[in-house]
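Inside the fold
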Amino acid sequence: MIEKRGMLVVELYKKDGSLKQGGILKALGVKVEDKNIICAVGGGGKTTLVEAMAKEYQMAKKMVVCTTTTKIMLPSYGQVLLEENEEMLRQLMKKEGQGIVTVALPWKGEKLTGVSEDFLKKIFATYPVVLIEADGSKGLPTKVPNDKEPVIPKETTIVLGIQGIDACGKPIKKVCHRPERVALLLGKSEEDVITTEDMATLYLEERALRKGCLDKEYWAIIQKVDTKERMELAKQIVAHLEKRGFKNSLICRRKE
């Protein structure tokens, strides 16, 4: 039985005001039988999104490997392999009723780090679905990456840029990872608040969440939209994105 914890509902608003609901994969237009390497980048909500997608694949009886190219917390779902061992990975994948294996290496405490590039390539060559957390944000809702991040493998097919709506209306220094970079990019001070237009800018800027993925399919994911007030803010972000000609946006909330 698949637990509902961690599942997400995607809400897509059309211009006529109608509402469509569904899962992440369907909203992205992803067919479960297709080969895909999907990277999640940006602010808080990456782990929740990866878990939700993994469980959707599991419900469709498809195997999925989860991993990171930076650092992640030890996951609470599926199985975990803490070494670069192809045979053990195969055995874990064959366990009945499972189908989700996170592959990473021990780092500090309950944090894990990525496997080697060579082992990652072996995973890509063997398993049709790989979900990757490709940068960190220290749990903060939004960010601007430094010179060394995100780490997006060239084999990646889809990149999901994520921000938490809880950043909106709060000071940059309180809700942003690398706040000095966010302030510089937006032309603001670290004391200034993040607006819906600012969040749209961070989704689209090549120095922000769209860094290193201009040749990939890219989506703007608005996370933590769990109240009516937050929904109105999220719809404003979508409107800003559409004004700039960008239509690949999803509004997400936890499934009740």
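The rules behind each value
- Residues numbered from 1 in each chain as written.
- Predicted model: local features only at pLDDT ≥ 70, side-chain atom pairs only at ≥ 80, totals over all residues.
- Heavy atoms only, no water.
- Helix = DSSP H or I, 4+ residues; strand = E, 2+ residues; numbered from the N terminus.
- Expected span 1.5 Å × (residues − 1).
- Buried < 20%, exposed > 50% of the residue type's maximum accessible area, 1.4 Å probe, protein only.
- Core = buried A, V, L, I, M, F, W, Y, C linked by side-chain atoms within 4.5 Å.
- Contact = heavy atoms within 4.5 Å.
- Phe/Tyr/Trp six-rings, centres within 6.5 Å; stacked < 30°, edge-to-face > 60°.
- pLDDT = per-residue confidence, 0-100.
- Axes fitted to C-alpha atoms, helices over the stretch in contact; angles between N-to-C directions.
- Parallel < 35°, antiparallel > 145°, perpendicular 65-115°, else oblique.
- Nonpolar A, V, L, I, M, F, W, Y, C, P; charged D, E, K, R; others polar.
- Pairing = 2+ DSSP bridges.

What follows deals with helix 8 (residues 228–243). Helix length check: helix 8, at 16 residues, gives a terminal C-alpha distance of 23 Å against a target of 22 Å (1.5 Å per residue), a fit within 8%. Considered for burial, the residues of helix 8 that qualify are Met231, Ala234, Ile237, Val238, His240 and Leu241. Glycine 245 lies just past helix 8 and shows a positive phi near 85 degrees.

This brings us to the nonpolar core. Formed by 52 residues in total, the largest nonpolar core has its most connected members in Val103 and Ile222. Discounting residues that sit within four places of it in the chain, valine 103 has contacts with Val65, Cys66, Thr67, Leu81, Glu83, Leu89, Val115, Phe119 and Ile123. In this structure, Met53, Val129, Leu250 and Cys252 belong to the second largest nonpolar core, which totals 25 residues.

Tallied over the full model, the rule gives one aromatic pair. A centroid spacing of 5.8 Å and a plane angle of 55 degrees characterise the contact between tyrosine 218 and phenylalanine 246, whose relative ring orientation is tilted. Remark: phenylalanine 246 occurs in the loop between helix 8 and strand 15 (249–254) and tyrosine 218 occurs in strand 14 (residues 217–223); sequence separation between them is 28 residues. Of the residues examined, tyrosine 218 reaches a relative accessible area of 3% and is grouped as buried.

Before going further, it helps to spend a moment on the confidence of the model for the protein. A residue-level look at the protein finds 89% of positions with pLDDT of 70 or above and a mean pLDDT of 90. Note that residues 1–7 has pLDDT below 50 and, in this model, 18 contacts with residues that lie over four places away or in other chains. Of the regions scoring below 50 in pLDDT, residues 13–20 engages in 14 contacts with residues more than four places distant in sequence or in other chains.

Axis separation between helix 6 (residues 179–186) and helix 7 (residues 196–204) bottoms out at 11 Å; the angle between their running directions is 100 degrees. With respect to their mutual orientation, helix 6 and helix 7 come out roughly perpendicular. Residues Val182, Leu185 and Leu186 of helix 6 form the contact with helix 7, whose participating residues are Asp198, Thr201 and Leu202. When its residues are assigned to classes, the contact of helix 6 with helix 7 shows four nonpolar, one polar and one charged.

All right, on to the environment of glutamate 191 then. Within the secondary structure layout, glutamate 191 lies in the loop between helix 6 and helix 7. Accessibility expressed as a relative area gives 52% for glutamate 191, which makes it exposed. The spacing of glutamate 191 and lysine 173 is 18 residues in sequence and 6.3 Å in space, taken between C-alpha atoms. Among residues more than four places away in sequence, those in contact with glutamate 191 are Pro171 and Lys173.

Now for the sheet that holds strand 9 (residues 111–113). The strand order across the open sheet formed by three strands is 5-9-8, and the pairing between neighbours is antiparallel. Each having just a single partner strand, strand 5 (71–73) and strand 8 (105–106) make up the two edges of the open sheet. Where strand 5 meets strand 9, three bridges bridge the pair, whose relative direction is antiparallel. By the bridge assignment, isoleucine 72 is partnered in strand 9 with leucine 112.

For the rest of this paragraph, the subject is the pairing of strand 3 (residues 36–42). Of all seven residues making up strand 3, seven are buried, and the element is well covered by its neighbours. Along strand 3, one buried face is formed by Asn36, Ile38, Ala40 and Gly42 and the opposite face, lined by Ile37, Cys39 and Val41, is buried too. Bridge count for strand 3 against strand 10 (residues 129–133) is five bridges, and the pairing is parallel. Opposite asparagine 36, over in strand 10, you have valine 129 as the bridge partner. By the bridge criterion, five bridges tie strand 3 to strand 12 (residues 158–164) in an arrangement that is parallel. If you follow cysteine 39 over to strand 12, its bridge partner there is valine 159.

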